[in-house]
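Commentary on secondary and tertiary structure
One-letter residues, chain by chain:
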Amino acid sequence: DICGNLSEVARVQGKALLLAKHLLGAESERHNASNDMSFYDEYFGTLQMVIRNNKANPLSNSSMVKSLNYYRIFKCGNDNVRSLLYEAAHAITHQNLFFRIQCAAEECAHEDILRYSPTEQRNGSHFQHHPSGRLAFTFVRDPISRFISAINEIECRAQKFKWRQPLLPVSSSLGTHERLHEWIEFLVFNISGSQLELWKYEDIELSHLAPMVGAIVQGNRIEGRRFHVFHVENFLQGWQQLSQLSNLPLLSNLAAKREKTGWDQHECSRDPHHIVSNYSQFFDPAYAGRGISASEQNMKYIRSICALYLTDFVCGDYAIPSSCSDI
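Computed from a predicted structure; not experimentally measured.

On to the state of the cysteines. Simply put, the disulfide is a covalent bond whose two ends are the sulfur atoms of two cysteines. This model, assessed by the stated rule, comprises three disulfides. Disulfide partner of C156: C268, at an S-S distance of 2.3 Å. Classification of the bridge connecting C156 and C268 rests on its S-S torsion, roughly -85°, and on that basis the disulfide is left-handed. Note that C156 is positioned in helix α4 (residues 143-160) and C268 in the loop between α8 (249-261) and α9 (275-283), a separation of 112 residues in sequence. Taken as a pair, C156 and C268 share a single burial class, namely buried. Two residues share a disulfide in this structure: C306 and C324, whose sulfurs sit 2.1 Å from each other. What sets the handedness of the C306 and C324 disulfide is the S-S torsion sign, and at about 60° it is right-handed. Placement of the pair is C306 in helix α10 (residues 296-308) and C324 in the segment after α11 (310-315), with a sequence separation of 18 residues. When its relative accessible area of 0% is taken as the criterion, C324 is described as buried.

Right under this line is the structure:
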């Protein structure tokens, strides 16, 4: 199974990367050199919620699930998942369903919530493989939608913090198709050969663009059948399934409450610079049934992104756009 084996991901994705480079006109040996696949082995860390079995506490449970292990993936509802887990832990502690945390997901703390960095997750020494009593999950997102959202996040933060702007590997005007071309070329030609090292771009948070497949493979490898992958496009449905699987109705109740009070949203998610709207229109021709045609030049960039994130489509269980179906 490709989604549980990094060497298989490297094999399939390596061929797709060569296609992406050819689409963008690469002919030199430098551009066609053997691919470094560390970009596809990127992890985002985990959040583990310990579930204490307390029959006297109506918000706890009596199932065999002892912990929830969330494999974080950027731009896939990450803040909402984390804040809901923190809210659940605090609600159990205070025995109060209506307890609302007053902290950002990145800043919250609770004794039953354990954070593990990507390095700790990579080492895996704190995780028993295929354990009983642990339910693991993640949320994924349509790769093109996630790519657009990640570019928006990086650009939006650079506009807010002006010192970041010279660090961006693009120079065309903000929100234009030419700038999007630059982003795609940068990713396609720098994740192999010259080897894109994400830490070099830590100040602009380039890791938002790293594929989802690394976290999916890691979850499948460590958790086995106890690893569940939900789609953020159907967030409530996935969250309700998680509530049922863990026998923790509190989770579903908290999500229902959030539906009424409002979900967490980044300032950048409001698309202040019209990046999401502009770039979504750029990718519209990739999907069938919309009656929109794209120039030959734009289509090669669209197909390059399909190739760049091919294993995300496969392992995230998303249909690849019709214009990329032959890839």
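Having seen the model, we can carry on.
With that settled, consider the nonpolar core. If you look at the biggest cluster of nonpolar residues, it comprises 58 residues, and the most contacted ones within it are F147, I184, L209 and F283. Discounting residues that sit within four places of it in the chain, L209 has contacts with F39, F147, A150, I151, I154, W183, L187 and Y309. In terms of nonpolar packing, the next biggest core, distinct from the first, is built from 30 residues, Y86, F235, L248 and L250 among them.

Conventions adopted
- Residues numbered from 1 in each chain as written.
- Predicted model: local features only at pLDDT ≥ 70, side-chain atom pairs only at ≥ 80, totals over all residues.
- Heavy atoms only, no water.
- Disulfide = S-S within 2.5 Å.
- Helix = DSSP H or I, 4+ residues; strand = E, 2+ residues; numbered from the N terminus.
- Buried < 20%, exposed > 50% of the residue type's maximum accessible area, 1.4 Å probe, protein only.
- Core = buried A, V, L, I, M, F, W, Y, C linked by side-chain atoms within 4.5 Å.
- Contact = heavy atoms within 4.5 Å.

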